[in-house]
Amino acid sequence: MSNSPDAPYELGRAERRGSVFGFRAGQALAGAVGAVALVAGIGSGSSAGLAAGVVAALVAAGVATLPVAGRGLDEWVPVAASHLARVRGGALCAGASVQPGANGSMPAHLRWADGTATVVARLSHRGLRALAPEPRSLGESLASWLRGLSSAGAPRWTVTFVTTTGPGRSPHAAPWVDAGMHVTSCVAVTAPEPVRVGDALALAGVEGAADLGVAGLDELLASRVTPGYATILGCDVAARWHLLEAPATVHAAFVVEEWPMGRVDEQVLAPLCVSRDRRTVALCIRVEELRAARQRTARVRTAAAADGQLIARGGFLASPEADRDADRDATRAGELAVGHGSMRIVGAIALDARDVVELEAAAARLLADAASCGVRLRRCDGDHRRGVLATVPGWCVP
């Protein structure tokens, strides 16, 4: 956290640099195949062979350079293959269940198939800074708590911040009143054994956080599907390419491709978390081991330096984006060298709707809200099953 009162946080850039001249392995392979095909066509000595080589080279160049719906063609191949091979029916997560607490020493929790447990605590605050100064103090307390989790010897917990939005309810005595919207904020901690999240947050200065009981967890999971169809984890779903179908609802998932650049404040994602649409915004934060963070940063800087040398020897000019990323990577390496921690953030957003028309309208509003706060989203086409599961408290797709 910086000393600036306006924008005290800075998000790191997404690291998607390839290993060969900044290209991904699929792009490099497609380019190599195209070059080999072109050389083979030229060496064949026939016009048909030359034409075939040129066509193959053009196709390979298209695969390597042309993006489709935010992804390269080389990235779509494994997505399509996994969509065809993966089981697309049945429960969203058959091995998960809600477990009650034991004798007051263990809180109610979600037990996953791998044996880990997730405890969810609901936060109590006014939401927007325009209503009260609470968001700033709440953000500072949560940031201090997360910094403590990144220190040496701290427990290796996976923390997920979950915000659900949806239409409100009109008072029974005045049904003509605008229902407004309903927003719920939660913190989920996943660990080998259940953790009392409310007590941990209270020690960090976050007041008003209370662990959800069995009824609260069931309500949180059941609110995403039509009443009478169990919960989002237990009801039968069918994974389509463009969405996920439940018995009486449809769902779509998005992941954060690019975070806002520069310094931000605690309200940076407010447009995504204030809506009448049924959204679930999940931010999963995992502490990265310091040695692994240093090695990863060193690899990124080495690859960038090698690319810069090759570009300079070829007589090309370096891009301003490359210089900016190099400066940020050097700053990050210095921070890690003096012992600062590293955290990895995965952002996922799911939309719940009654039909496809309502879902697509909500998706258009979501993309507009994301653009207003500087976030670039990618729809999880071909993988909505895992995308929706990533928005369940405590679960994250790495």
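My aim in this report is to walk through the structure given alongside it, one point at a time. Just so you know, these numbers come straight off a predicted model, no measurement behind them.

Now for the overall build of the protein chain. Within the protein chain, the secondary structure is distributed over 11 helices and 16 strands. Scored against the burial criterion, the 398 residues of the protein chain give a buried share of 41%. In the protein chain, once contacts between residues fewer than 6 apart in sequence are set aside, the share between residues at least 24 apart is 74%.

Our focus in this paragraph is the layout of surface pockets. Each pocket or cavity is described by its volume, and for the second largest pocket that value is around 830 Å³. Taken together, 29 residues line the second largest pocket, and the ones lying closest to its centre are Gly166, Pro167, His182, Ser223 and Arg278. Going through the elements one at a time, strand S7 (158-167), strand S8 (181-191), helix H6 (214-222), strand S14 (278-288), strand S15 (342-353) and helix H10 (356-372) are the ones with two or more residues in the lining of the second largest pocket. Of the residues that constitute the lining of the second largest pocket, the class distribution is seven nonpolar, 10 polar and 12 charged.

Taken as a whole and judged by the stated rule, the model has 13 salt bridges. Between Glu193 and Arg111 there is a salt bridge whose closest N-O contact spans 4.0 Å. Here Glu193 is found in the loop between S8 and helix H5 (197-203), whereas its partner Arg111 is found in strand S5 (residues 109-111), with 82 residues between them in sequence. Residue Glu193 is classed as partly exposed on the basis of its relative accessible area of 49%. Between Arg386 and Asp383 there is a salt bridge, and its shortest N-O distance comes to 2.9 Å. By relative accessible area, which is 18% here, Asp383 ends up buried. In the salt-bridge network here, residues are joined through shared partners; they are Glu257, Glu258, Arg376 and Arg378.

This part is about a nonpolar patch on the surface. On the surface, Leu38, Ile42, Leu50, Val54 and Leu58 cluster together into a nonpolar patch covering about 420 Å² of accessible area. Of all the secondary-structure elements, those providing two or more residues to the nonpolar patch are helix H1 (25-43) and helix H2 (47-65). Among the elements that line the nonpolar patch, the one with the most residues is H2, at three residues. Among the secondary structure elements, Leu58 is positioned in helix H2. Using a relative accessible area of 60% as the deciding quantity, one classes Leu58 as exposed.

Helix length check: H10, at 17 residues, gives a terminal C-alpha distance of 24 Å against a target of 24 Å (1.5 Å per residue), a fit within 8%. Regarding H10, the residues found buried are Leu359, Ala362, Ala363, Leu366 and Ala370. Mapping the buried residues of H10 onto a view down its axis gives an arc of 110°, with all of them on the same face. Facing away from the buried side of H10 by more than 90 degrees, the exposed set consists of Val357, Ala371 and Ser372. Packed against the buried residues of H10 are strand S12 (250-258), helix H7 (270-273), S14, S15 and strand S16 (376-379).

Here we take up the nonpolar core. One finds Leu142, Trp145, Val159, Phe161, Val187, Leu201 and Leu377 to be the most contacted residues of the largest nonpolar core, which totals 46 residues. When residues no more than four places from it in sequence are discounted, the contact partners of Val159 are Trp145, Leu146, Leu149, Val187, Ala188, Val189, Leu283, Cys284 and Ile285. Formed by 20 residues, the second largest nonpolar core is a distinct cluster that contains Leu110, Cys235, Val237 and Leu389.

With that settled, the discussion passes to helix H8 (residues 290-313). The terminal C-alpha atoms of H8, which comprises 24 residues, lie 35 Å apart, in line with the 34 Å expected from a rise of 1.5 Å per residue. Note on H8: the residue one or two positions beyond its end, Gly315, has a positive phi of about 85°.

Glancing now at the environment of Glu360. Tracing the chain through its elements places Glu360 in helix H10. Residue classification places Glu360 among the partly exposed residues on the basis of a relative accessible area of 29%. Sequence-distant contacts of Glu360, defined by excluding residues within four places in its chain, comprise His242 and Arg379.

A few words on the state of the cysteines. What makes a disulfide is a covalent bond joining the sulfur atoms belonging to two cysteines. In this structure the tally under the stated criterion is zero disulfides. Considering cysteine sulfurs only, Cys273 is the nearest to Cys373, which forms no disulfide, with 8.5 Å between them. A relative accessible area of 10% means that Cys373 is categorised as buried.

Cut-offs used in this document
- Residues numbered from 1 in each chain as written.
- Predicted model: local features only at pLDDT ≥ 70, side-chain atom pairs only at ≥ 80, totals over all residues.
- Heavy atoms only, no water.
- Helix = DSSP H or I, 4+ residues; strand = E, 2+ residues; numbered from the N terminus.
- Buried < 20%, exposed > 50% of the residue type's maximum accessible area, 1.4 Å probe, protein only.
- Contact = heavy atoms within 4.5 Å.
- 1 Å grid on protein atoms, 1.4 Å probe; cavity = no way out; pocket = protein on both sides within 12 Å on 5 of 7 lines; lining within 4 Å.
- Points joined across faces, edges and corners; volume = space filled by probe spheres on them.
- Nonpolar A, V, L, I, M, F, W, Y, C, P; charged D, E, K, R; others polar.
- Salt bridge = Lys/Arg side-chain N within 4 Å of Asp/Glu carboxyl O.
- Patch = residues over 30% accessible without salt bridge, like charges linked within 9 Å, V, L, I, M, F, W, Y side chains within 5 Å.
- Areas by Shrake-Rupley, 256 points an atom, 1.4 Å probe, with all protein chains shown as cover.
- Expected span 1.5 Å × (residues − 1).
- Arc of directions from axis to C-beta.
- Core = buried A, V, L, I, M, F, W, Y, C linked by side-chain atoms within 4.5 Å.
- Disulfide = S-S within 2.5 Å.

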